[in-house]
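# Structure at a glance
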Amino acid sequence: VLYPVGLLDQTPTVLGLRTLALTSAGEFDQVVPIRSLLLRVERAQELAVAAIDRGEEASATVGLPLEVHTATWTAISPPRGGWRAVAGPNTATLERLAREGIAEIAEVIPDAVGELIVRRVRAEVWGREIPGAEHIPAGVALAAERLGFLGDDEVKSYETGPWTRLTTHRGHVLVRRRAWTLS
């Protein structure tokens, strides 16, 4: 499941990726509204927990929401192979960057401000380089934190071509560097 996180013209593309095991051998390649999918996953978790509480063993079933065809990021496909391990930020750094970025945006942006100003401030904050991993934008910290990928996990970093992937056992955050970025 790919989640577009930051697709502003001024920032690199940041995607969250969570994989789920399928109980059947069906194949699909669909773009669905993330809110609808997350609600279905939450409901399936609630039903599974209720079954466990009753002493029953049951797998969770998640149906797919209706497909959408208007997502502009759908043509962006990270590679499936060729990834090599590289040095990258640790969990504590990502958590700190996410907290600091969220606080900075909340402080800078007043309640009633135009969309262009909001976009500019967000692009500035989340497009900043991570110290020690200058090719990775701070937006990956927001993505990893908001999607619940951080915690006690070690964050592992991988690269292939213009792509960087930060991985925990909970999910992946992928970033495609801008074409003019040399690092």
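Residues numbered from 1 in each chain as written. Predicted model: local features only at pLDDT ≥ 70, side-chain atom pairs only at ≥ 80, totals over all residues. Heavy atoms only, no water.

For helix α2 (residues 91–108), spanning 18 residues, the distance from its first C-alpha to its last is 26 Å, which sits close to the expected 26 Å at 1.5 Å a residue. Among the residues of α2, Thr91, Thr93, Leu94, Leu97, Ala98, Gly101 and Ile105 are the ones counted as buried. Across the axial projection of α2, the buried residues extend over an arc of 160 degrees, all falling on one side. Counted as exposed and oriented over 90 degrees from the buried face of α2: Ala92, Arg99, Ala106 and Glu107. Each element contacted by the buried residues of α2 is listed here: α3 (115–127), β4 (129–130), α4 (139–146) and β7 (163–168). Between a side-chain oxygen at the N-terminus of α2 and the backbone nitrogen of alanine 92 the separation is 3.3 Å; the capping residue is asparagine 90. (Helix = DSSP H or I, 4+ residues; strand = E, 2+ residues; numbered from the N terminus. Expected span 1.5 Å × (residues − 1). Buried < 20%, exposed > 50% of the residue type's maximum accessible area, 1.4 Å probe, protein only. Arc of directions from axis to C-beta. Contact = heavy atoms within 4.5 Å. Polar contact = N/O pair within 3.5 Å; in protein donor to acceptor, adjacent residues only side chain to side chain.)

On to the confidence of the model for the protein, then. Here the protein averages 79 in pLDDT, while 83% of its residues score no lower than 70. Mean pLDDT in the protein bottoms out at strand β1 (residues 2–6), which sits at 49, and peaks at strand β3 (residues 84–86), which reaches 93. Contacts of residues 6–10 to residues separated by more than four positions or lying in other chains number 12 contacts, the stretch itself having pLDDT below 50. (pLDDT = per-residue confidence, 0-100.)

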